[in-house]
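# Results of the structural survey
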Number of protein chains: 2
Amino acid sequence: SFGGFNICKVLNENAKHKAIFVHGSFEGSTDDAVVILEKTPFTENTVKGILSSDTDLKLAIHNDIYKTFEAFPKPQENGIKATLIYPATSKHISKYTEQDVYVVRETAEDYRNITLPYIQAEQFSIQWVYNILDKKKEAERIVFEDVDPETGFILLPDMKWDCKQVNDLYLVAICHTRGLRSLRDLTRDHLPLLKNILEKGQNAIKEKYQVPPSKLRIYFHYQPSYYHLHVHFTHIKFDAPGSGVDRAHLIQDVIQNIEINGNFYQEASISFALRENDKLLSKFREAGKA
Amino acid sequence: SFGGFNICKVLNENAKHKAIFVHGSFEGSTDDAVVILEKTPFTENTVKGILSSDTDLKLAIHNDIYKTFEAFPKPQENGIKATLIYPATSKHISKYTEQDVYVVRETAEDYRNITLPYIQAEQFSIQWVYNILDKKKEAERIVFEDVDPETGFILLPDMKWDCKQVNDLYLVAICHTRGLRSLRDLTRDHLPLLKNILEKGQNAIKEKYQVPPSKLRIYFHYQPSYYHLHVHFTHIKFDAPGSGVDRAHLIQDVIQNIEINGNFYQEASISFALRENDKLLSKFREAGKA
């Protein structure tokens, strides 16, 4: 039980998703603890119990046909999820601490002078991507493959998707061609690759999941989380993380921009958000650009 | 109380935001009722009560330093919000019923042949916008005004923002010039207007709320919810509704696109999502384009 638990600090909270992250400790121990509390989704079963005479109601507002209440269901109808990390390290505490976010508008020059040297110096490992492309890992998860070395790709479910329902469908297409880091490397030469991923990715998803193109949001991330070109396919009704205008770029818009100007992504400015602890943000700051 | 309440149908649910929408009725009545249940955000006070010996815990997973529990707090620490609409009309029921969403990619030709005639035929009333611009309404809410008839605008908090904390800051800039319906009407002639809104809007928000430009997401909606040109200013940490890549267009990107091609928005294809009951979707369907 949480008897003897003392709250040291609320590290973060999310009012929209009804979650809170707390740093604390247990009486008689000097170890740190991190507790994450999350309200749980309603289910048809719990709703039946809640909409009964067991629930105490306190009227808040009454206006015409509209009433709002504070409602207090019985505990067993209204469980929450608790996660305890104990003993917790300072890394856990830092991981769950709210971080400031900054918008950066990267010019073409900023990309060449700041971002590209940063990507090259960090040498992020993408061995795990090559393991997928070489079928050394996750081969059984592949939904579709086009083996063409120039325009081909592998399509597979994203790790975040449990594949149980299509409401939150999330797949990723990873291109076979190596050396394309991001949007910034795309030119007119890559139009056949982009159009192939768009068309065959849509077809494969329609065939395998019966989800037609009109239900799909198909986009790149910039900045991406790894620098080997890949495309996100998510269900339009799923409010997918990273589908906001500050990170996502629809593949159809990317194709259109390159058709207007073959060097669009070598010349354009692009906005994105970076968290306080992102090394790339420090690089922009050192250069006096953030 | 909800004694005697019978559930007829779950109209919709939102697992991410922990809300559910239920159609039902009370015993002895033939009237319809709609009930909306929402879990509430945690507060520092309720967390203190929850992280105590009062809360029953049921261990779910134990792996090394990580444990997860189902937790059952006392009712008064774990209230939910209930909204009752009673008697409810069929319009209420339809409003809260889950709707299918479709992605449309509108070409320039589709805009001229389908969307523009639809906007003109519907003659959506924007009298309420003119009331703001003429200071007949909401004058006390104005945060900043530039009175120039060509490049000027009024900046005021969006109705969705309670103005209590800047974490979910949401303001709207409404341009003084009349007749600009949306993105689609913007050309090189409007660059001074766009740059003025961007610069003076940022400055006014910095002065009034101490929120600098690096914390702002500034964008148009397409389709907008009303056809008089306006710009959304939201806090980058706020996952604002309508800030997804399928509806939002950063004003900096709009300026850049028009600088590359003065007629960009008269020539480009633009993607957006429409709900099943949107009349514009029917128009696209009638034209065989959705």
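What this report covers is the structure whose coordinates are included nearby. (Residues numbered from 1 in each chain as written. Chains lettered and ligands numbered in written order. Predicted model: local features only at pLDDT ≥ 70, side-chain atom pairs only at ≥ 80, totals over all residues. Heavy atoms only, no water.)

## Observations regarding the relation of the copies chain B and chain A
How we decide: Alignment of the copies relies on least squares applied to C-alpha atoms, considering only residues that score at least 70 for pLDDT in both. Note on contacts: a residue pair is in contact if any heavy atoms of the two residues lie within 4.5 Å.
Once turned by 180 degrees and shifted 0.2 Å along the axis, chain B lies on chain A with an RMSD of 0.4 Å. Both chain copies can therefore be described as sitting about a two-fold axis. Distance from the rotation axis, computed per C-alpha, reaches its smallest value in chain B at G244 of chain B: 1.9 Å. In this assembly, 100% of the residues forming the interface of chain B have copies in chain A that are likewise at the interface, indicating an isologous arrangement.

## Considerations on the environment of G242 of chain B
All names here are of chain B. The condition that has to hold: Under the DSSP-based scheme used, a helix requires at least four consecutive residues in state H or I and a strand at least two consecutive residues in state E, with every element numbered from the N terminus. Throughout, exposure labels follow a simple rule: accessible area from a 1.4 Å probe, protein chains only, divided by the maximum for the residue type, with under 20% read as buried, over 50% as exposed, and the rest as partly exposed.
Positionally, G242 belongs in the loop between β12 (230-235) and β13 (248-250). By relative accessible area, which is 22% here, G242 ends up partly exposed. Apart from residues lying up to four places away in sequence, G242 is in contact with Y219, H221, R247 and A248.

## Examining the interface of chain B and chain A
How big an interface is tends to be expressed through the accessible area that disappears when the partners come together. What counts here: By buried area we mean how much accessible surface two parts lose on assembly, using a 1.4 Å probe and totalling the loss over both. Definition used for salt bridges: Asp or Glu carboxyl oxygen within 4 Å of a side-chain nitrogen of Lys or Arg. We define a polar contact as two N or O atoms separated by no more than 3.5 Å, with the added condition that, inside protein, one atom must be a possible hydrogen donor and the other a possible acceptor, whereas residues neighbouring each other in sequence contribute only through side-chain atom pairs. Throughout, the ten residues Ala, Val, Leu, Ile, Met, Phe, Trp, Tyr, Cys and Pro are labelled nonpolar, Asp, Glu, Lys and Arg are labelled charged, and all others, Gly among them, are labelled polar. Paired strands, in this sense, are two strands between which DSSP finds at least two bridges.
Each side of the interface is counted separately: chain B has 82 residues, and chain A has 82 residues. Taking both sides of the interface into account, the surface hidden between chain B and chain A amounts to around 7,700 Å²; carbon and sulfur atoms contribute 62%. Taken together, the connections running from chain B to chain A amount to ten salt bridges. The closest approach of N and O atoms between D253 of chain B and R105 of chain A, which form a salt bridge, is 3.0 Å. Viewed at the interface, chain A and chain B are joined by 37 residue pairs in polar contact (both at pLDDT 80 or more). A total of seven residues in the side of chain B that touches chain A trace back to one element, the largest contributor, which is strand β5 (residues 66-72) of chain B. Looking at the side of chain B that touches chain A residue by residue, the classes come out as 41 nonpolar, 22 polar and 19 charged. Here strand β5 (residues 66-72) of chain A runs beside strand β6 (residues 80-85) of chain B; their pairing, made up of six bridges, is antiparallel. Across the sheet, residue Y66 of chain A finds its bridge partner in β6 of chain B, namely I85 of chain B.

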